[in-house]
Amino acid sequence: MFWLVLALLGAFFTSMTTILAKIGIEKVNSNFATFYRTGIVIICSLILCVISSSIMKIGELKLNNWIFIGLSGIATGCSWLCYYKALQLGNINKVAPIDKSSFILTSILFLIFFFQSTTKNGDILTIVMLIVSMILMLFGTLLMIGKNDDNQIKSSKWLVYAILSAVFASLVSFFIKLGLAGISSDLGTLLRTIVVFVFAGTIVLVRKDYKGTKQITKKSWLFLTLSGIATGGAWLCEYAALNIENVNPIAVNSIGKLSILLTMLFSFVILKEKFNKRSIYGLILLVIGIILIIAFSL
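Residues numbered from 1 in each chain as written. Predicted model: local features only at pLDDT ≥ 70, side-chain atom pairs only at ≥ 80, totals over all residues. Heavy atoms only, no water.

Break down the packing of helix 1 (residues 2-24) against helix 11 (residues 249-256) for me, with residues and values.
Contact pair helix 1 / helix 11: the axes reach a minimum separation of 8 Å and the direction vectors enclose 35 degrees. Seen from above, helix 1 lies across helix 11 with right-handed handedness. Between helix 1 and helix 11, the contacting residues are Trp3, Leu4, Ala7, Leu8 and Ala11 on the first element and Ala251, Val252, Ile255 and Gly256 on the second. Its residues assigned to classes, the contact of helix 1 with helix 11 shows eight nonpolar, one polar and no charged. (Axes fitted to C-alpha atoms, helices over the stretch in contact; angles between N-to-C directions. Helix = DSSP H or I, 4+ residues; strand = E, 2+ residues; numbered from the N terminus. Left-handed = near helix turned anticlockwise from the far one by under 90°. Contact = heavy atoms within 4.5 Å. Nonpolar A, V, L, I, M, F, W, Y, C, P; charged D, E, K, R; others polar.)

In structure tokens, the structure reads:
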């Protein structure tokens, strides 16, 4: 059950990533923030690869490893750029649930391409409960992003960016599952992060989003750095769990979505963001759906 511990740790680090980024991204260009945080993840991943000596096995990668790790990195870059733009424009308690809804499309992809391992060799009860769970998560998400009652948010652009973030995020776990075949998870994380770094860096250079970095406060630099470290921890834990033989990828992916609990708690306690009854009911449905998926995927 070591994969379960890794998945839970990944969920914790994911929640920390969001709350730290929300604090650090204030008055910071979201594209530059993505670029900087990715650089921090590269440093963390490289250190682990050197310690584990997995960096020496880079020559053993096959073409499909390169292709799917590359696609995962591109999808990650697109998701991040949209996600942190959404965080700038909206509240965490609205943006985060949409981001977690990416789980639905990811689960569908896993069901199609990893049918035997995700459904216990086609067990009807497991298939039915997976569908029920995804419906609960969908309705929970819709409740949580329902009518906006925060007067501070005057634009709905955050919703567009949040939806795009979820679409790209849904492809990340699927691509990385294929890309990790036969290689260590820390090496896969490093290579994927490099792709994201180049992707984000290109956008920053083209749009000249590096301008204004002198105005970034020490507080923002600190929290963006911590967010990058948390991201590295989340990725390494989640992909290590996904890479364990015979582990159900839907179970790993669903446990990661439990990070929404800590994220919402932090947004309430630290950022003083408000919740209405719809958000609370939606959160309950979302968590029930996640727990059901975990229970019937073990």
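Lay out the packing of aromatic side chains in plain terms, naming residues and giving numbers.
This structure, assessed with the given rule, holds 11 aromatic pairs. Seen from their ring centres, Phe113 and Phe174 are 5.1 Å apart, and the 45 degrees between their planes marks the pair as tilted. With a gap of 61 residues between them, Phe113 in helix 5 (residues 102-113) and Phe174 in helix 8 (residues 157-179) connect regions that are remote in the sequence. The exposure class of Phe174 is buried, given its relative accessible area of 7%. Geometry around Trp235 places Arg192 over its ring, the cationic atom sitting 4.0 Å from the centre. (Phe/Tyr/Trp six-rings, centres within 6.5 Å; stacked < 30°, edge-to-face > 60°. Buried < 20%, exposed > 50% of the residue type's maximum accessible area, 1.4 Å probe, protein only. Lys NZ or Arg CZ within 6 Å of the ring centre and 35° of its normal.)

Could you give an account of helix 12 (residues 259-269), naming the residues involved and the relevant values?
Considered for burial, the residues of helix 12 that qualify are Ser259, Ile260, Thr263, Met264, Phe266 and Ser267. Projected down its long axis, helix 12 carries its buried residues within an arc of 160 degrees, all on one side. (Arc of directions from axis to C-beta.)

Tell me about the packing of helix 5 against helix 7 (residues 124-144), residues and numbers included.
Each pair of packed helices gets described by two things: the angle between the helix axes and the distance between those axes. Between helix 5 and helix 7, the shortest axis-to-axis distance is 10 Å and the interhelical angle comes to 160 degrees. With respect to helix 7, the element helix 5 is oriented roughly antiparallel. Taken as a pair, helix 5 and helix 7 cross one another with a handedness that is left-handed. In this structure, helix 5 uses Phe103, Ile104, Ser107, Ile108 and Leu111 to contact helix 7, whose residues at the interface are Leu130, Met134, Met137 and Leu138. For the contact of helix 5 with helix 7, the class distribution of residues is eight nonpolar, one polar and no charged. (Parallel < 35°, antiparallel > 145°, perpendicular 65-115°, else oblique.)

Provide a residue-level description of unusual backbone geometry, including the pertinent values.
Phi at Ser53 is positive, roughly 65 degrees, even though this residue is not glycine. Take Ser53: it is sitting in the loop between helix 2 (30-52) and helix 3 (63-89).

If you had to explain a nonpolar patch on the surface to someone new, which residues and values would you point to?
A contiguous nonpolar surface patch, about 460 Å² in accessible area, is contributed by Ile131, Ile135, Leu138, Phe139 and Leu142. Within the element layout of this structure, Ile135 appears in helix 7. Note on Ile135: relative accessible area 42%, which makes it partly exposed. (Patch = residues over 30% accessible without salt bridge, like charges linked within 9 Å, V, L, I, M, F, W, Y side chains within 5 Å. Areas by Shrake-Rupley, 256 points an atom, 1.4 Å probe, with all protein chains shown as cover. Salt bridge = Lys/Arg side-chain N within 4 Å of Asp/Glu carboxyl O.)

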